[in-house]
Amino acid sequence: MKKNNILILVLVGLVLLFVTTNYFKKHSSAIFKAEVIQFDSSTLNKIIICPPSSSEEELIIISKDDDNWQVAQGTIKTLANQSTVNSLLGQLEQIKTEQLVSKTREKWETYELTDTLALCVEIYQQGKEKPTKLYFGKTTNRQSQNPGFRGRPSVDASTYFRINEAPSTYAIKGGLSNTFKRKFNAWRNTEFIKLNKDLITRLKFETNKNNTFSLSKKESDWFMGEISPDSTKVTQYLNTLRYQSSSRFIDGFKPKGNADYTLTIQGDSTKDLTIKAYRDSTTTKNYILNASQYPNVFIESDSTGLFKRLFVNRGYFLK
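Source: prediction; values computed, not measured. (Residues numbered from 1 in each chain as written. Predicted model: local features only at pLDDT ≥ 70, side-chain atom pairs only at ≥ 80, totals over all residues. Heavy atoms only, no water.)

**Regarding helix α2 (residues 82–93)**
Short version of the rule: Put simply, DSSP marks the helices as runs of H or I at least four residues long and the strands as runs of E at least two long, and each gets a number from the N terminus on. Each helix should span, by expectation, one fewer than its residue count multiplied by 1.5 Å. Three labels apply to residues, based on accessible area from a 1.4 Å probe with only protein chains included: buried if under 20% of the type maximum, exposed if over 50%, partly exposed otherwise in between. The reported arc concerns the directions from the helix axis to the C-beta atoms and nothing else. What makes two residues a contact is simply this: any of their non-hydrogen atoms within 4.5 Å.
Counted at 1.5 Å a residue, the expected span for α2 with its 12 residues is 16 Å, and the 16 Å between its end C-alpha atoms agrees. Those residues of α2 that fall on the buried side of the exposure criterion are T84, V85, L88, L89 and L92. Mapping the buried residues of α2 onto a view down its axis gives an arc of 140 degrees, with all of them on the same face. In this structure, the buried residues of α2 make contact with β1 (44–50), β2 (60–65), β3 (68–73), β6 (119–125), α3 (175–180) and α4 (184–187).

Structure, rendered in structure tokens:
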């Protein structure tokens, strides 16, 4: 009888040990996933993206200036694309680690996490002297268990990363590391002009050949001198002026003379907006454009693109 009781107690003990071990294993895993790394996006004020030291690319600095984010690389500092940066901040706030892969530094090279091979992201937070450094290394792909579009097999990507100088290596879904691998121009503000077309009252077109004409709004009607222009064409053109963007940046350009084309936009309770176009000296087909809304930004356009949409001739408005 005593033997049976002892065996029962031993069996119960083993069952309890198994249940307890699995319980804490599951719960510790959940805690691990939530607390490996966490950020409050409202406290972040600077992010420095450092390419691997083996790369010849320059680092990119994203920093907050008052209410706007700026982006810089080398000698160029400009307004950042606010939506792109805010998307990045959201990803950092929701960062989720898939698993702990290794606990030793010896595995860093295997997962391309050495200083030479890894992409390093320095994240600065208000109230903290030192940044948090995330090192992103190798990315691996595997077939997903979830079916993709129209039942086709999809692929899951995992990227290995480490934190500061801690020896552990973790795996994370591939999207975040790809965000940091963007080229400099992908971080920049691409807005060229943005206007409230209903406030526009005068348009003045000028060329360096003294070909000048203007459109003026009187009450609800537009006039081109004494001529009434085609109202449909005027409406179409004003819609064009509402918003234009471009990522074809020309950095370091310095005009050597007067613009070949100038457009001045005036309106009620608004500052005059001037858009200038300079003929590209290296080709007769391209122009370099600048708008007073962003005075330090120059972009390139061929004769069929943004240049053509903005610098129309007098005949465009005639019936």
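**Side note on the pattern of salt bridges**
The test is simple: Should a side-chain nitrogen of Lys or Arg be within 4 Å of a carboxyl oxygen of Asp or Glu, the pair is scored as a salt bridge.
If you walk through the whole model with that rule in mind, you get six salt bridges. The residue R162 makes a salt bridge to D115 at a minimum N-O spacing of 3.1 Å. Within this pair, whereas R162 is found in strand β8 (residues 153–163), its partner D115 is found in the loop between β5 (97–102) and β6, the two being separated by 47 residues in sequence. Using a relative accessible area of 0% as the deciding quantity, one classes R162 as buried. Judged by its relative accessible area of 52%, D115 is exposed. Its salt-bridge partner being R188, residue D251 comes within 2.9 Å of it at the nearest N-O pair. A residue pair is termed long-range when its members are at least 10 positions apart, and D251 in the loop between β14 (243–245) and β15 (261–267) and R188 in the loop between α4 and β10 (191–194) qualify at 63 residues. Judged by its relative accessible area of 2%, R188 falls in the buried class.

**Considerations on the nonpolar core**
Condition: Nonpolar cores were defined as sets of buried Ala, Val, Leu, Ile, Met, Phe, Trp, Tyr and Cys residues, with membership established by side-chain atoms within 4.5 Å.
Counting 30 residues, the largest nonpolar core has L241, I275 and L289 as its most contacted members. Secondary structure elements with two or more residues in this core: β10, β11 (200–207), β12 (213–218), α5 (231–242), β15, β16 (273–279), β17 (286–291) and α6 (306–310). At four residues, α5 tops the list of elements feeding residues into this core. If we skip the residues at most four places from it in the chain, I275 touches F192, I193, Y261, T262, L263, I265, N290, A291, L310 and F311. Formed by 29 residues, the second largest nonpolar core is a distinct cluster that contains I37, F39, Y170 and I172.

**Digging into α5**
Under the convention used in this document: For the purposes of these results, a polar contact is taken to be a pair of N or O atoms within 3.5 Å, where, inside protein, one atom must be able to donate a hydrogen and its partner to accept one; residues adjacent in sequence count only when each atom of the pair is a side-chain atom.
For α5, which comprises 12 residues, the first-to-last C-alpha distance of 17 Å matches the rise-based estimate of 16 Å (1.5 Å per residue) to within 8%. Among the residues making up α5, those that are buried are V234, Y237, L238, T240 and L241. The arc that holds the buried residues of α5, viewed along the axis, is 150 degrees, so those residues lie on one side. For α5, the capping residue at the N-terminal end is D230, with a side-chain oxygen 2.9 Å from the backbone nitrogen of T232.

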